[in-house]
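For reference, the chains in residue letters:
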Amino acid sequence: MVEQEEYAERPVPQHARLGFMKPALVWAGFTYVYICIFIGSQIMGGLGAPVGYAAIIAGQIFLFAYAGLIGHKGSKLGLNFSMMCKAAFGRYGYVIPVLLIAGLVTGWYAFQAWLAADLMVGLYGSQSFNAGTGSGILPGILGTTGFWAGVFAIVFGMFAVYGVKAMSYMGWFAVITVTALAGWMIYSITTIVAAETGGNVFSSAPIGEPWTFALGFTASVGTFVVSATMTSDFTRWTKNVKQSWGVTAVAFPICNLLMLMTGAIFTAVAGELDFFFGLGTLALGIPIMIIQWASNGSTCDGCMYNATQGFKNVLHYIGGKRLNFSWKKVALIVMIAGTAVAAANLLTSIVPWLLLLGTVVPIVGGILIGHFWIVARKSTHEELLAAGDKKINGPAIVGFLSGLAIAIAIQVSSPDLPPAVGGLIGGAGIYPLVARMTGYSKAGKLTPKGLGTSTAFGAAGTTDRPHTPSPPGGASRQVNPGRIDRLVEFLAPYMFFHRGGAWK
């Protein structure tokens, strides 16, 4: 795939859109991740049934609404996550959130490759880090986690090097194999494992130290809150917003929920945590290895694609011509960095990682929702793109810092509340309020101050920034509201600006 087809620095035009199936396959393969089976097991271990199921489902509903709102605007405008951040934070302000999340998702890519290696070593090699002591079939260096982590990081990452179309083929493989084998796992757990333990899938006690519901919810959200925030990297390839919501639903709750529930059902029945879910000895553990290779592989390429989109966009807009590398070069650099982290065995604990992701990342997503659905919901395509030429959007920075402070306060003083709430308050509450009070936005439209221009856009959409990228389709136009847009228009929190019966 040639580099320009990935549209890392400009909107995807309508003629290049892929429709529903390919983005859906990429998202399905992405969210069919083996570690989510174990995370579901941990949530159930901490909460027991049925509360564990409730925390998992609540987290997935949150991800659907959260990712759906971001992906809706990404599809309508053809923008990836980085360009949405640029429009919301400004051309300098967006660097920090994009690099932060691109770095986090690179770590997630490295962890998936490392996990695939550790599971294989835990079954067939020598001593693994988390998955136990294997059979020793793989001798010497072939029985070590570090060696296979490096191999898998390269093999899985190569799909992302060749772009979203190549990743859809990996998605096909993952959807077919993981769906079949997840069904086999659930059947085996509810029959073979249940016969041995006498456990009840609908009622079980916590194992070890109990969790709060908020921690279970945050763990469910944390499984994919990073890439859910970056969902427009995929939904911008759809042809309309209905397809975007459909693609999002494939990811959350359908595919990710299946993985989480598989692990939760095991722990409810077995009353224990096990990386192989009591099935490592069935058929020599080969079905477990196939499902984890397919799921971790399709997740690795999705993470690496997200990371490459972010890094390449920042290099293009900040580094200039000197650092304007091709897609494949940036992807290879990300792959090499992720391979080094994976092979070095640096990421071996998942719960603190999920807590960090579930706390920090929704702050960025909250700003995107606040910007595109409230602050600038009536602005034209060209105005939204031109806003990215402003150096820094001060109100967005205030909203981000406020969301961070609220999330930290929740984490410290109110552990029964999910810290993701802080990000949404900062982005969808404080940011629109500050933008309105400081004159950056008025009645859902960016002002000249918010655009960083001396005059407002004219009827033809002209401005003093002729270099601004053209929107999808090439012409400046007003964003036509759909049903969801009109609903948000009705619910937009501007009641505190209501004066004398008229909206100001």
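Quick caveat: nothing in here was measured; it's all calculated off a predicted structure. (Residues numbered from 1 in each chain as written. Predicted model: local features only at pLDDT ≥ 70, side-chain atom pairs only at ≥ 80, totals over all residues. Heavy atoms only, no water.)

Examining the overall build of the protein chain
The criterion, for reference: Helical segments are the DSSP runs of H or I of at least four residues, strand segments are the runs of E of at least two, and each set is numbered from the N terminus. Exposure classes here rest on a 1.4 Å probe applied to the protein chains alone. A residue is buried below 20% of its type maximum, exposed above 50%, and partly exposed in between. In what follows, residue pairs with any heavy atoms lying within 4.5 Å of each other are defined as contacts. Method for areas: the Shrake-Rupley scheme with a 1.4 Å probe, in which residue coverage is limited to the protein chains shown.
A tally of regular secondary structure across the protein chain gives 19 helices and 4 strands. Within the protein chain, the proportion of its 504 residues that are buried is 58%. Considering only contacts within the protein chain whose residues lie at least 6 apart along the sequence, 84% involve residues at least 24 apart. When the accessible area of the protein chain is evaluated, it comes to approximately 18,500 Å², of which 69% is carbon and sulfur surface.

Brief notes about the packing of aromatic side chains
Note the threshold: Two aromatic rings from Phe, Tyr or Trp, using only the six-membered ring of Trp, form a pair when their centres are within 6.5 Å; if the ring planes differ by under 30 degrees the pair is stacked, by over 60 it is edge-to-face, and anything between is tilted. Only when the NZ atom of a Lys or the CZ atom of an Arg is both within 6 Å of the ring centre and within 35 degrees of the ring normal do we say a charge sits over the ring.
Applying the stated criterion across every chain yields a total of 23 aromatic pairs. Pairwise contacts between aromatic rings join Trp27, Phe30, Phe224, Phe234, Phe252, Tyr305 and Trp327 into one cluster. One Lys or Arg, lysine 86, reaches over the ring of tyrosine 317 and ends 4.4 Å from the middle of that ring. The ring centre of tyrosine 92 lies 5.0 Å from the NZ or CZ of arginine 91, which sits over that ring.

Concerning the environment of glycine 46
Relative to the helices and strands, glycine 46 resides in helix H2 (residues 34-47). By relative accessible area, which is 3% here, glycine 46 ends up buried. Spatially, the C-alpha atoms of glycine 46 and alanine 205 are 8.6 Å apart, while their sequence positions differ by 159 residues.

Looking at the pattern of salt bridges
We count it as follows: Basic side-chain nitrogens of Lys or Arg form a salt bridge, by our definition, when they fall within 4 Å of a carboxyl oxygen of Asp or Glu.
Throughout the structure, instances matching the rule amount to 3 salt bridges. Two residues, lysine 312 and glutamate 9, come together in a salt bridge whose shortest N-O distance is 2.3 Å. Residue lysine 312 is located in helix H12 (residues 286-319), and its partner glutamate 9 is located in the segment before helix H1 (21-31); the two are separated by 303 residues in the primary sequence. No difference in accessibility class separates lysine 312 from glutamate 9, as the two residues are buried.

Thoughts on the environment of threonine 308
Assignment of secondary structure puts threonine 308 in helix H12. Residues in contact with threonine 308, not counting those within four places in the same chain, are Trp327, Val330, Ala331 and Val334.

Points about the packing of helix H5 (residues 95-124) against helix H13 (residues 327-343)
Condition: To obtain an axis, a line is fitted to C-alpha atoms, over the contacting stretch when the element is a helix, and the angle between two such axes runs from 0 to 180 degrees between their N-to-C directions. Convention used here: angles under 35 degrees read as roughly parallel, angles over 145 as roughly antiparallel, angles from 65 to 115 as roughly perpendicular, and any remaining angle as oblique. Take the far helix as the reference: if the near one is turned anticlockwise from it by less than a right angle, the crossing is left-handed, and if turned clockwise, right-handed. Residues are grouped as follows: Ala, Val, Leu, Ile, Met, Phe, Trp, Tyr, Cys and Pro are nonpolar; Asp, Glu, Lys and Arg are charged; every other residue, Gly included, is polar.
Relative orientation of the contacting elements H5 and H13 amounts to 55°, with a least axis distance of 8 Å. Relative to H13, H5 is oriented oblique. You can see that H5 and H13 cross each other, and the crossing is right-handed. Taken together, the residues of H13 that come into contact with H5 (itself represented by Thr106, Tyr109, Ala110, Ala113 and Trp114) are Val334, Met335, Gly338, Thr339, Val341 and Ala342. Looking at side-chain class alone, the contact of H5 with H13 contains 8 nonpolar, 3 polar and no charged residues.

So, the confidence of the model for the protein chain
Quick reminder of the rule: pLDDT measures the predictor's confidence residue by residue and takes values from 0 up to 100.
Here the protein chain averages 85 in pLDDT, and 87% of its residues register 70 or above. In this model, residues 473-479 is a region of pLDDT below 50 whose contacts with residues beyond four sequence positions or in other chains number 19 contacts. Within the model, the stretch residues 489-504 combines pLDDT values under 50 with 24 contacts to residues more than four positions away or in other chains.

Some remarks on the nonpolar core
Where we set the bar: Side-chain atoms within 4.5 Å are what join buried Ala, Val, Leu, Ile, Met, Phe, Trp, Tyr and Cys residues into a set we call a nonpolar core.
Judged by nonpolar contacts, the single largest core of 142 residues is most densely connected at Tyr53 and Phe89. Looking at this core element by element, the count peaks at 19 residues for H5. If we skip the residues at most four places from it in the chain, phenylalanine 89 touches Tyr94, Pro97, Val364, Ile367, Lys391, Ile392, Asn393, Ala396, Ile397 and Phe400.

A look at H12
Definition in use: Residue count minus one, scaled by 1.5 Å, sets the expected span of a helix.
Its 34 residues place the ends of H12 47 Å apart at the C-alpha level, agreeing with the 50 Å of an ideal helix rising 1.5 Å per residue. Among the 34 residues of H12, 26 are classified as buried, and the element is accordingly described as predominantly covered. Among the residues trailing H12, glycine 320 stands out with phi positive, at a value near 75°.

Let's talk about a nonpolar patch on the surface
The following threshold applies: Patch membership needs two things, relative accessible area over 30% and no salt bridge, and members are linked within 9 Å if like-charged or within 5 Å if nonpolar (Val, Leu, Ile, Met, Phe, Trp, Tyr).
Taken together, the side chains of Phe20, Met21, Tyr169, Trp172 and Ile176 define a hydrophobic patch exposed on the protein surface, amounting to about 560 Å² of accessible area. If you tally residues by element for the nonpolar patch, the top one is helix H7 (residues 164-197), at 3 residues. For isoleucine 176, the position within the fold is in helix H7.

Structural notes on unusual backbone geometry
The omega angle of the peptide bond from alanine 49 to proline 50 is 5°, so this bond is cis rather than trans. Within the fold, proline 50 resides in the loop between H2 and helix H3 (51-77). Residue proline 253 is bonded to the preceding phenylalanine 252 through a cis peptide linkage, with omega at 10°. Here proline 253 shows up in helix H11 (residues 241-270). Of note, the phi angle at tyrosine 7 is positive, near 50°, even though the residue is not glycine. Locating tyrosine 7 in the fold gives a position in the segment before H1.

Let's talk about the state of the cysteines
The line we're drawing: Our working definition of a disulfide is a cysteine sulfur pair at a distance within 2.5 Å.
Taken as a whole, this structure holds 0 disulfides when the rule is applied. Free of any disulfide, cysteine 303 has its nearest neighbouring cysteine sulfur in cysteine 300, separated by 6.7 Å. Look at cysteine 303 and you get buried, because its relative accessible area is 0%.

Examining the environment of leucine 123
Looking at where leucine 123 falls in the secondary structure, it is placed in helix H5. Sequence separation of leucine 123 and serine 135 is 12 residues, and the distance between their C-alpha atoms is 6.1 Å. Those residues within four positions of leucine 123 in sequence are excluded, and the remaining contacts are Gly134, Ser135, Phe276, Gly280, Leu284, Gly285 and Met289.

With respect to the packing of H7 against H11
Put simply, H7 and H11 touch, their axes get as near as 9 Å, and they point 10° apart. In terms of orientation, H7 and H11 fall into the roughly parallel class. In this structure, H7 contributes Val178, Ala182, Met185, Ile186, Ile189, Thr190, Val193, Ala194 and Thr197 to the contact, and H11 contributes Leu258, Met259, Thr262, Ile265, Phe266, Val269 and Ala270. Class assignment of the residues belonging to the contact of H7 with H11 gives a composition of 13 nonpolar, 3 polar and no charged.

Describing the side chain of aspartate 301
Worth spelling out the cut-off: A positive count includes Lys and Arg, and a negative count includes Asp and Glu. His and the chain ends are not counted in either.
As for its position among the elements, aspartate 301 is in helix H12. Nearest to the buried, unbridged aspartate 301 among oppositely charged side chains is arginine 236, at 14 Å. When neighbours within four sequence positions are excluded, aspartate 301 is seen to be in contact with Phe156, Phe159, Ala160, Met167 and Met170.

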